[in-house]
Amino acid sequence: MAEKPTIVKCLVWDLDNTVWDGTLLEDPNVELFPGIRDTIVELDSRGVLHSVSSKNDHDLAWKRLEDLGLAEYFVYPQIGWGRKSDAVRAIAERLNFAEKTIAFIDDLPSERAEVNYHAAEVRCYRADQAGELTGLPEFSPEIVTVDSRRRREMYQAGFLRDAEKDTFKGPDEEFLRTLELVMEIKRADQEDISRVEELTLRTSQMNATGVHYSDAALRGLLADPDHEVLTVTLSDRFGPHGAVGVLLMERHPDVWHLKLLATSCRVVTFGAGAVLLNWLVDQAARAGVHLVADFKQTERNRMMDIAYRFAGFANDPCACLAPLGEPGAEGVQRLHLLADRREGPTTMSLTAPDIASGAVPAGAVPAGAVPAGAVPAGAAGH
């Protein structure tokens, strides 16, 4: 059976003789090639971001994109006279995407070759393939969620947020408070599952094991009283961040087994992973159980390793590990924590279920409060 291709997260477009017919500096009234708009709009609706790497005068090119009604679809465009490979790699770095999830389309073989030489994992396409892209498997995610359809808007809001941070005079923790962050942790329902599966597929840097749980497997666990499937969303005054985390845990009498933890790399700087982990540690302490987390080191998830260690997880032996058996996947470590009570976050409000007792409290926890199931002061600042 053929392996499924890595889904493209961002398609980077050349402009002259790729998006539009002609060269802008020779013809300021260039028009779009037939079907280009349809391709861009369709891929955008699937959650594929668009950007630009074009050798052009920036102001003229951007004005033409605005006139053609396409400017809003492009995030972090790179329009200038430098190497296109540098532009493509800058886009990948700014979006925090692995280069293997980036695609590049250009009419010139020399430009595609230059990108391939300096960024070998970036997939390159000829301009005359633009109309075929929506039918290719790498541009066709199996799941298209609410968050997928508004991914571009969420990234653009993120750029505005970053711009405000750059001009903010004061400590990072104070800036986070100005964002009016609200995190909601909730037990997943049937409608959440597709968002959960998508997150496990798309997240590599903050995925503790890299294991993908299928839609069917996750739905099966919803009905299992020994398992908790939790989703995490985040919002602030700029708008929603969407689903940013998933936690899969199995209950045993003396230990909670954290099988999967994945958080979006987009919210690392807000301390979302620390808030989630410390809330879980506090819940385990209230339930009187130990915590054991599966972790498999990969080339990209060092930040998750740091998050676990910072929360207090270690490679300590404990009798509580015995009921868990051997890890199901090669290379998986079992990290242990003797849970202790933790204080609440100071930089965000938190709404969460009381999984220690099984009750689900109503209402949000104000920033700075110390509710049952809260997380440590300052944790969100790391």
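Residues numbered from 1 in each chain as written. Predicted model: local features only at pLDDT ≥ 70, side-chain atom pairs only at ≥ 80, totals over all residues. Heavy atoms only, no water.

Visitor: Describe the sheet that holds strand β7 (residues 123-126), and please don't skip the residues or the numbers.
Guide: Here we have five strands laid out as an open sheet, ordered β5-β4-β1-β6-β7, and parallel in their pairing. A single partner strand is all that each edge strand has here, and the edge strands are β5 (78-80) and β7. Here the average twist between neighbouring strands, direction ignored, is 20°. Relative to β7, strand β6 (residues 102-106) runs parallel, the two being bridged by four bridges. Bridge pairing links aspartate 106 to arginine 126 in β7. Of the strands in this sheet, β1 (10-13), β4 (49-55), β5 and β6 touch helix α3 (residues 84-95), which is tilted by about 155° from β4. (Pairing = 2+ DSSP bridges. Helix = DSSP H or I, 4+ residues; strand = E, 2+ residues; numbered from the N terminus. Axes fitted to C-alpha atoms, helices over the stretch in contact; angles between N-to-C directions. Contact = heavy atoms within 4.5 Å.)

Visitor: Outline the pairing of strand β9 (residues 227-236), supporting the account with residue identities and numerical values.
Guide: Of all ten residues in β9, eight are buried; the element is thus mostly enclosed. Pairing between strand β8 (residues 181-187) and β9: six bridges, direction antiparallel. In the strand pairing of β9, lysine 186 is matched with threonine 231. Note: β9 against strand β10 (residues 239-251), ten bridges, orientation antiparallel. Within the sheet, the bridge partner assigned to valine 229 lies in β10 and is leucine 248. The antiparallel pairing of β9 with β10 creates a hairpin that spans two residues between the two strands. (Buried < 20%, exposed > 50% of the residue type's maximum accessible area, 1.4 Å probe, protein only.)

Such coordinate-based values are descriptive only and should not be taken to indicate function.
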